[in-house]
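Per-entry structural report
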Amino acid sequence: MQGFGASGGRPSAGLTFPPGFLWGTATSAHQVEGDNTNNDWWAWEHQAGRIAQGHRSGRAGDWWRAAEADFDRMAALHQNAHRLSVEWSRLEPQPGRWDERALRRYREMLAGLRRRAITPMITLHHFTFPLWVARRGGWLWNAFPGAFGRFARRTVEALGDLADLWCTLNEPVAAIISGYLIGRFPPGGGGLLRTRVAVVNAVRAHAAAYHAIHAAQPAAQVGIAAYLRVFDPARPASRLDRLVAGAQDRVVNWMFLDALRDGVLRGLWQTVRIPESAGSLDFIGVNYYTRDLVRFDPRAVRTLFGRNTPTPGAPLSDGGYGEIYPVGLFRVLEQVRAYGRPIYITENGLPDADDDLRPAFLVSHLREAWRALQEGADIRGYFHWSLIDNFEWADGWTLRFGLIGMDPATQVRTPRPSSALYAEICRTGSVMI
Ligand code: FCB
């Protein structure tokens, strides 16, 4: 297909995205700031055996001191937006105690982005809890929704003149499953009952934050960043494979979003009415990475009786992270379109240290996003994960997601070839095919 660029109606051999489209990258506080010593992940990293090769976040990308150097890189790469998170444990290090210096630093960072004509999108919770929240039970703490709502209100009162795009929670279901069922995230296990309680609390916390943000800033646009993964039956003719793939799809992908639309959480063998969450999404953030084939396995209790693998023979990214499956982005966007809300692709990327796959990954996924646009999906932006290599949670520094390579020991940045390709896409607002 040919797109028609802004150049006076002349056809251009590319896929053109709408005017005003946000083009950028995404990061999170703990993964880039460094020295986030007051949260549960820092404590987790210091327990033996939790992180690949004993890695730690340490100085990370040194953003707390010097993010502006990377903001310059974003601007030089023609990015006009950036999704970042604020660290609750810095802003409210003790219950009810607000750190004015941390607040000033975030104000400085956001003003720095805006000076470079980079629109910020701010996530309020990206996997980490302040230690004082974690000690009270984190997702399970019955006062967590209220505490998070107050944190959201205060943050938006303090930063709302610099930003109006907010993600309350990043990938709440994936974080809870990783924490309570799989055990790769803190608290390292807990079982199905705790998983259920945590998910209900996460819906309540989102709703509390949604209303708190709108009270502080009526024009705010508030959503979540949802982890969406394609689950296909390994043997399409097998009813059991279809059943377990369908169950994973419902729980991981749609249960939470449905609750924020309907005010009722249905899934994990429970139906819970949460009226305050009805209609609590102004946009939906899509984090898309990969797909799984799912095979019924009665022993796989923690993964709802499915055993997940990539498609045999499919191209894989580094470190067993998963299959590269661009059509999956189109498929999830089509499903998200049915919610009738604006969509941002809040994360998409791959670990690829030598950058041999990233250029084709970028182009092929953006082609699928463009296709979804043509079908009527109201997609307003694309945030590639990520600008620089950063601390990849349980995988430590072993997975390299950056358009720009970054050595955490020396802080030296080395642009990968795909950063120039993405810069051209951001500059022209179109993808050459
Ligand atoms: C997502 C997380 C993000 C990053 C990428 C690779 O699930 O939201 O922090 O780790 O995966």
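Before reading on, note that the structure itself is shown above.
Residues numbered from 1 in each chain as written. Predicted model: local features only at pLDDT ≥ 70, side-chain atom pairs only at ≥ 80, totals over all residues. Heavy atoms only, no water.

Moving on, we get to the overall build of the protein. Helix and strand counts for the protein stand at 13 helices and 17 strands. Taking 433 residues into account, the globule formula puts the C-alpha radius of gyration at 22 Å, and the protein, at 21 Å, falls close to it. Structurally, the protein occupies a C-alpha span of about 60 × 60 × 45 Å along its principal axes. The buried share among the 433 residues of the protein stands at 61%. Considering only intrachain contacts with a sequence separation of at least 6, the fraction spanning at least 24 residues in the protein is 74%. On the protein, roughly 16600 Å² of surface is accessible, and the fraction owed to carbon and sulfur atoms is 53%. Computed over 49 positive and 42 negative side-chain charges, the inter-centroid distance for the protein is 4 Å. (Helix = DSSP H or I, 4+ residues; strand = E, 2+ residues; numbered from the N terminus. Rg over C-alpha atoms; globule rule 2.2 N^0.38 Å. Buried < 20%, exposed > 50% of the residue type's maximum accessible area, 1.4 Å probe, protein only. Contact = heavy atoms within 4.5 Å. Areas by Shrake-Rupley, 256 points an atom, 1.4 Å probe, with all protein chains shown as cover. Lys, Arg positive; Asp, Glu negative; His and termini not counted. Charge placed at Lys NZ, Arg CZ, Asp CG, Glu CD.)

Its place among the elements puts Tyr180 in helix α8 (residues 172–182). Taking the C-alpha atoms as reference points, Tyr180 and Glu368, separated by 188 residues in sequence, lie 33 Å from one another.

What follows is about the site of the ligand. Taken together, Gln31, His126, Phe127, Asn170, Glu171, Tyr289, Tyr321, Glu347, Trp385, Glu392, Trp393 and Phe401 make up all the residues around the ligand. At 2.7 Å, a side-chain N or O of Glu392 approaches an oxygen atom of the ligand. Judged by the proximity of its atoms to the pocket grid, the ligand belongs to the largest pocket. Its residues assigned to classes, the shell around the ligand comprises 6 nonpolar, 3 polar and 3 charged. (Near = heavy atom within 4 Å. Polar contact = N/O pair within 3.5 Å; in protein donor to acceptor, adjacent residues only side chain to side chain. 1 Å grid on protein atoms, 1.4 Å probe; cavity = no way out; pocket = protein on both sides within 12 Å on 5 of 7 lines; lining within 4 Å. Sits in = over half its atoms within 2 Å of the grid points. Nonpolar A, V, L, I, M, F, W, Y, C, P; charged D, E, K, R; others polar.)

On to the layout of surface pockets, then. When its volume is computed, the largest pocket comes out at roughly 1100 Å³. What lines the largest pocket is a set of 46 residues, among which Ser178, Ile182, Arg184, Tyr227 and Arg229 lie closest to the centre. Considering every element that reaches the lining of the largest pocket, the biggest residue donor is α8, with 6 residues. Split into classes, the residues belonging to the lining of the largest pocket amount to 23 nonpolar, 12 polar and 11 charged. (Points joined across faces, edges and corners; volume = space filled by probe spheres on them.)

Tallied over the full model, the rule gives 29 salt bridges. Here Asp70 ties to Arg73 by a salt bridge, and the two come within 2.7 Å at their closest N and O atoms. One end of the pair is Asp70 and the other is Arg73, both in helix α3 (residues 63–76) and 3 residues apart, which spans about a single turn. The exposure class of Asp70 is buried, given its relative accessible area of 1%. Notably, a salt bridge pairs Arg299 with Asp297, separated by 3.1 Å at the nearest N-O pair. A single network of salt bridges, built from pairs that share partners, joins Asp232, Arg291, Glu323 and Arg331. (Salt bridge = Lys/Arg side-chain N within 4 Å of Asp/Glu carboxyl O.)

Where burial is concerned, most of α8 is hidden: 10 out of the 11 residues are buried. Of all the residues in α8, the buried ones are Pro172, Val173, Ala174, Ala175, Ile176, Ile177, Ser178, Gly179, Tyr180 and Leu181. On the buried face of α8, the contacting elements are β7 (165–170), α9 (192–216), β8 (221–233) and α10 (239–262). After α8 finishes, the residue Gly183 shows a positive phi value of roughly 85°.

What follows concerns unusual backbone geometry. For the bond from Pro186 to Pro187, the omega torsion is 10°, close enough to zero to count as cis. In this model, Trp385 is joined to Ser386 through a cis peptide bond whose omega is 15°. Examined against the element boundaries, Ser386 turns out to sit in the loop between β14 (379–384) and β15 (404–406). If you check the backbone angles, Phe305 has positive phi at about 70° while not being a glycine. With respect to the helices, strands and loops of the structure, Phe305 is situated in the loop between β11 (283–296) and β12 (306–309). A positive phi angle is found at Trp393, which is not glycine, with a value near 45°. Within the fold, Trp393 resides in the loop between β14 and β15.

Overall, the coordinates contain 31 aromatic pairs when judged by the stated rule. Within the aromatic cluster, the residues linked to one another by ring pairs are Trp88, Trp98, Phe129, Trp132, Trp139, Trp141, Phe144, Phe148 and Phe151. For Arg90, the ring lying beneath its charged end belongs to Trp64, and the centroid distance is 3.9 Å. (Phe/Tyr/Trp six-rings, centres within 6.5 Å; stacked < 30°, edge-to-face > 60°. Lys NZ or Arg CZ within 6 Å of the ring centre and 35° of its normal.)

Another point: the environment of Ala394. By the secondary structure assignment, Ala394 is in the loop between β14 and β15. Linking Ala394 and Phe185, residues 209 residues apart in sequence, is a C-alpha distance of 7.0 Å.

Okay, helix α5 (residues 100–115) next. Helix length check: α5, at 16 residues, gives a terminal C-alpha distance of 22 Å against a target of 22 Å (1.5 Å per residue), a fit within 8%. Residues of α5 that are buried include every one of Ala102, Leu103, Arg105, Tyr106, Met109, Leu110, Gly112 and Leu113, and no others. Among the residues of α5, the N-terminal cap falls to Asp99, whose side-chain oxygen and the backbone nitrogen of Arg101 are separated by 2.9 Å. Ala117 sits one or two positions beyond α5 and adopts a positive phi of about 60°. (Expected span 1.5 Å × (residues − 1).)

What follows deals with empty space enclosed by the protein. Overall, the coordinates contain 3 cavities of 30 Å³ or more when judged by the stated rule. Surrounding the largest cavity, Glu171, Pro172, Val173, Ala174, Ile224, Ala226, Tyr227, Val252, Asn253, Phe256 and Leu257 form its lining. Of all the secondary structure elements, the ones that give two or more residues to the lining of the largest cavity are α8, β8 and α10. Split by residue class, the lining of the largest cavity holds 9 nonpolar, 1 polar and 1 charged. Roughly 50 Å³ of internal volume is contained in the second largest cavity. Lining the second largest cavity, in full, are Ser28, Ala29, His30, Ser85, Val86, Glu87, Trp88, Leu124, His125, His126 and Thr128. Taken together, the elements giving at least two residues each to the lining of the second largest cavity come down to α1 (29–32) and β6 (119–125). Partitioning the lining of the second largest cavity into residue classes produces 4 nonpolar, 6 polar and 1 charged.

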